[in-house]
Amino acid sequence: MRHIIIFPMSIESQIDVILQAQRILLTTHRNSDGDGIGSLAALYGALKNLNKQVWFVPVDEVPKRYSYMLENVDVCANPDEINADLLIILDTNHGELCNPLFQNSINKNRKVLFIDHHVENSKPHPLIFRIMNLDAASTGEIVFDIIKTLNVPINDFIASALYSSLTFDTQAFKLVRNSARSHSIAAELAGHQINTEKIQRALFAHWTPEKMKFLAELIHSAKYSANNKVVGLSVTLKQLEKYKLHGDDVNDIVDMFTLIPTVKFAYFIRQAEANEYKVSFRSALNDYAYTVATRLDGGGHKSSAGTWLNADNISSIEDRINNELRLLKLLD
Ligand SMILES: [Mn+2]
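Residues numbered from 1 in each chain as written. Predicted model: local features only at pLDDT ≥ 70, side-chain atom pairs only at ≥ 80, totals over all residues. Heavy atoms only, no water.

1. Here we look at empty space enclosed by the protein
So, point 1. Evaluated as defined, the whole model comprises one cavity of 30 Å³ or more.
So, point 2. Taken as a whole, the largest cavity holds about 30 Å³ of empty space.
So, point 3. In terms of lining residues, the largest cavity is bounded by T27, T28, H29, S32, F56, V57, P58, V59, D60 and V62.
So, point 4. Tallied by class, the residues present in the lining of the largest cavity amount to five nonpolar, four polar and one charged. (1 Å grid on protein atoms, 1.4 Å probe; cavity = no way out; pocket = protein on both sides within 12 Å on 5 of 7 lines; lining within 4 Å. Points joined across faces, edges and corners; volume = space filled by probe spheres on them. Nonpolar A, V, L, I, M, F, W, Y, C, P; charged D, E, K, R; others polar.)

In structure tokens:
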């Protein structure tokens, strides 16, 4: 495991960075998800309550299924026109996943605050601040604590966004990291005028007949090895096109394969560009997913992690993954 650098990163030590800023940009990692968008929307609501000027700057297209959280959120496509004094990045501490916005902000001498629950990977920098909690099952839980520290009352908008964030990253409260926190925060949020069932469906009930057909093809092409301890999946752009699917539509499929009790490690290679692939790793009751991801320049959580790789083809990526699995003695 990579060396973890300890920074002052508690909420109390970093809260002034937020309080001192007047014009604030918010963003989350490319390929945004329900936790990134939910925690961002909730923080947006809280900062508005403090009379800050706030804009959401997307670094790529936000999947439609998350747009219900962004009603009444000011979206800014051209941050160069805004003389902002702070950029807040949620749900990642990899600035590169928010470029060019991140690098432009550093170049402009703008402070950057990361709010995240992924393992720390960056070096100290005078412009970079961090609020990190690796025990949080979602970035939404950290934003909940920040909102409490800021003394902002939670309204229905914030409650709905935070509940979405928690629901998404815990996969509907399956992955709560052995902590009662996710449940107790969710209980408080559910006391507001929010429709928890509607939120669940908005986040997860987006399958299509095409996706079902795609799943059938994927089930047939799954590669099992090491006595079904390892399963590998892959999809090309051509296949996605055939089934009218976007990349984000299929990110959840790999999780299904970890429901096979023998499977200790599952990977999913998805072609994103001609020579660029998003690779997701899942493991059950071990940290192989994180170990393999970091060895391939990615990151994430113990049992759910990923990376982006440039390669000529899928089999060269499979070779790299299998090499790592041999080092872990998962493969012979
Ligand atoms: Mn997250």
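Structure shown, so let's carry the discussion forward.
2. Examining the domain arrangement of the protein chain
So, point 1. Per the domain assignment, the segments making up the protein chain are domain 1 (11-204) and domain 2 (209-327).
So, point 2. The C-alpha-based centres of domain 1 and domain 2 are spaced at 27 Å.
So, point 3. With twelve residues of domain 1 at the contact, the number on the domain 2 side is eleven residues.
So, point 4. Between domain 1 and domain 2, a total of about 990 Å² is buried, with carbon and sulfur atoms accounting for 41% of that surface.
So, point 5. Taken as a group, R30, N31 and R65 account for 41% of the area that domain 1 buries against domain 2, more than any other trio of residues on that side.
So, point 6. Of the charged contacts, one joins R65 and D248 as a salt bridge, the two residues approaching to 2.6 Å between their closest N and O atoms.
So, point 7. In this structure, the connection of domain 1 to domain 2 is made through four residue pairs in polar contact (both at pLDDT 80 or more).
So, point 8. A breakdown of the residues in the side of domain 1 that touches domain 2 according to their chemical character gives four nonpolar, five polar and three charged. (Domains from an automatic or database assignment. Contact = heavy atoms within 4.5 Å. Buried area = accessible area lost by both parts, 1.4 Å probe. Salt bridge = Lys/Arg side-chain N within 4 Å of Asp/Glu carboxyl O. Polar contact = N/O pair within 3.5 Å; in protein donor to acceptor, adjacent residues only side chain to side chain.)

3. Notes on the nonpolar core
So, point 1. In terms of nonpolar packing, the biggest core is built from 52 residues, with L26, L43, I88, I115, I146 and I147 touching the most fellow members.
So, point 2. The biggest single contributor to this core is helix α2 (residues 34-49), with eight residues.
So, point 3. When neighbours within four sequence positions are excluded, I147 is seen to be in contact with A42, A46, V152, I154, I158 and L162.
So, point 4. In terms of nonpolar packing, the next biggest core, distinct from the first, is built from 20 residues, F265, A289, A305 and I314 among them. (Core = buried A, V, L, I, M, F, W, Y, C linked by side-chain atoms within 4.5 Å. Buried < 20%, exposed > 50% of the residue type's maximum accessible area, 1.4 Å probe, protein only. Helix = DSSP H or I, 4+ residues; strand = E, 2+ residues; numbered from the N terminus.)

4. Section: the pairing of strand β8 (residues 265-273)
So, point 1. Taking burial as the measure, the nine residues of β8 include seven buried ones, the bulk of the element.
So, point 2. Direction of pairing for strand β7 (residues 230-235) relative to β8: parallel, over a ladder of six bridges. Residue pairing in the sheet places G232 in a bridge with Y267 of β8.
So, point 3. Strand direction decides the pairing type here: β8 and strand β9 (residues 276-283), joined by eight bridges, are antiparallel. Counterpart to I269 in the pairing with β9 is V279.
So, point 4. Following β8, the chain reverses through two residues before pairing antiparallel with β9. (Pairing = 2+ DSSP bridges.)

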